[in-house]
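If you want the building blocks of each chain, they are given just below.
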Amino acid sequence: MKRPTFRLAATAALAATASAALLTGCGGDADADEPAAQNTPAAGSTGTPGANTDPATPAAAFTVTHIGGPTTLLEVAGARILIDPTFDQPKKYPSGLEKTQAPAYGPDKLGRIDAVLLSHDQHDDNLDDSGRELLKTAPLVLSTPGAHQRLGDHVTALASWTSTDLKTARGTIKITAVPALHGPDGVDRGADGEVTGFVLSGPGVPTTYISGDNASATVAKQVGDRIKSEIGPIDTAVLFAGAARTPAILDNAPLTLTSKDAARVAKDLVPRKVVAVHTDSWNIYSEDMASLVKAFEDQGIAAKLVDIKPDGTAKNLA
Ligand SMILES: [Zn+2]
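Residues numbered from 1 in each chain as written. Predicted model: local features only at pLDDT ≥ 70, side-chain atom pairs only at ≥ 80, totals over all residues.

1. Focus on the confidence of the model for the chain
Thinking step 1. When the pLDDT values of the chain are averaged, the result is 84; 81% of them are 70 or greater.
Thinking step 2. Taken as a whole, residues 1–58 scores under 50 in pLDDT and shows 100 contacts with residues more than four places along the chain or in a different chain. (pLDDT = per-residue confidence, 0-100. Contact = placed C-beta atoms within 7 Å.)

This is the structure:
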């Protein structure tokens, strides 16, 4: 496989790049805990975006907010980290994909973002038109080497098992890229299938695995085993489920985790909590949240599943 060049190969390389200033400055300012100007919670609203920016929120808060599809906001260790931005209204795309449901809120209600973790850029359901716009203003975007090549220098490439540090007002979050397979075991989709997962870790940071568009429980187990041996137990797993399928690719094979495989991953990785996303808002998901809940119940691990909907409500994971 052709290996594109990328700007940052490892944490050590950071110090020598212009990005270092960006990274260390990102979220490390004195007002990092202050709510963004446009992020004032509306009284009585249940779908309040960024509810954890309320100054009354405990410092140790760890919250997840599902905005729609794969798009999820993690608030952890003082940082606000956005996963796979998709904010378009329902519409059809030239690719054949269709957005079927509006996001919980638009980028204007998002508030401060310290980093975007982009699993890949090739597919509309992980990066739509308004998501692309948002990337241009994000202080840090981490993704695949291919995404860096296609999208430009505002996207920093992280190869698998390399990491970078995000400085926050409360310390440092280590962000490590991990392998993901965008199709069944043994299949190589080439550039179209290039995708990455991520792991968040560090002092005071609940170790969090974010699968990205990965369909392989085998790959997830390998990733989980290495996280456990090199970093420690996994606190939370954010799994992209929904068994995305399209007749044009691999004869309708699942391109993300089926509900059953998501439960298998949860059994294998033994996280304290599982946040399942990527089951709603797009026409390519073949399995929904109800089937996922059933699969977890069948395995006797339903208690691990965070009850989360794509409604913009911040859920406390602490
Ligand atoms: Zn994809």
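2. Regarding the sheet that holds strand β11 (residues 196–201)
Thinking step 1. With respect to topology, 6 strands assemble into an open sheet ordered β9-β10-β11-β12-β13-β14, the strand pairing being mixed. Edge strands, defined here as strands with exactly one partner in the open sheet, are β9 (163–168) and β14 (273–277). Going across the sheet, the axis of each strand differs from the next one's by a mean of 20 degrees, ignoring polarity.
Thinking step 2. Pairing analysis gives 3 bridges linking β11 to strand β12 (residues 208–210), with the strands arranged antiparallel. (Pairing = 2+ DSSP bridges. Helix = DSSP H or I, 4+ residues; strand = E, 2+ residues; numbered from the N terminus. Axes fitted to C-alpha atoms, helices over the stretch in contact; angles between N-to-C directions.)

3. Focus on unusual backbone geometry
Most peptide bonds take the trans configuration, and most residues that are not glycine carry a negative phi.
Thinking step 1. Of note in this structure, Asp84 is not a glycine but carries a positive phi near 45 degrees.
Thinking step 2. In this fold, Asp84 is placed in the loop between β3 (79–83) and β4 (91–92).
Thinking step 3. Given 28 C-beta atoms within 10 Å, Asp84 falls into the buried group.
Thinking step 4. The phi dihedral of Trp161 is positive, around 65 degrees, even though this residue is not glycine.
Thinking step 5. Positionally, Trp161 belongs in the loop between β8 (156–157) and β9.
Thinking step 6. Using a count of 14 C-beta atoms within 10 Å as the deciding quantity, one classes Trp161 as partly exposed. (Buried ≥ 20, exposed ≤ 12 C-beta atoms within 10 Å, placed from the backbone.)

4. Points about the packing of helix α5 (residues 217–230) against helix α6 (residues 259–269)
Thinking step 1. Where α5 contacts α6, the two axes come as close as 9 Å, and the packing angle between them is 20 degrees. When the axis of α5 is compared with that of α6, the two are roughly parallel. Two packed elements cross with a definite hand, and for α5 against α6 that hand is right-handed. Contacts between α5 and α6 involve Ala217, Ala220, Lys221 and Gly224 from the first element and Asp261, Arg264, Val265, Asp268 and Leu269 from the second.
Thinking step 2. Across the contact of α5 with α6, the residue classes break down as 4 nonpolar, 1 polar and 4 charged. (Parallel < 35°, antiparallel > 145°, perpendicular 65-115°, else oblique. Left-handed = near helix turned anticlockwise from the far one by under 90°. Nonpolar A, V, L, I, M, F, W, Y, C, P; charged D, E, K, R; others polar.)

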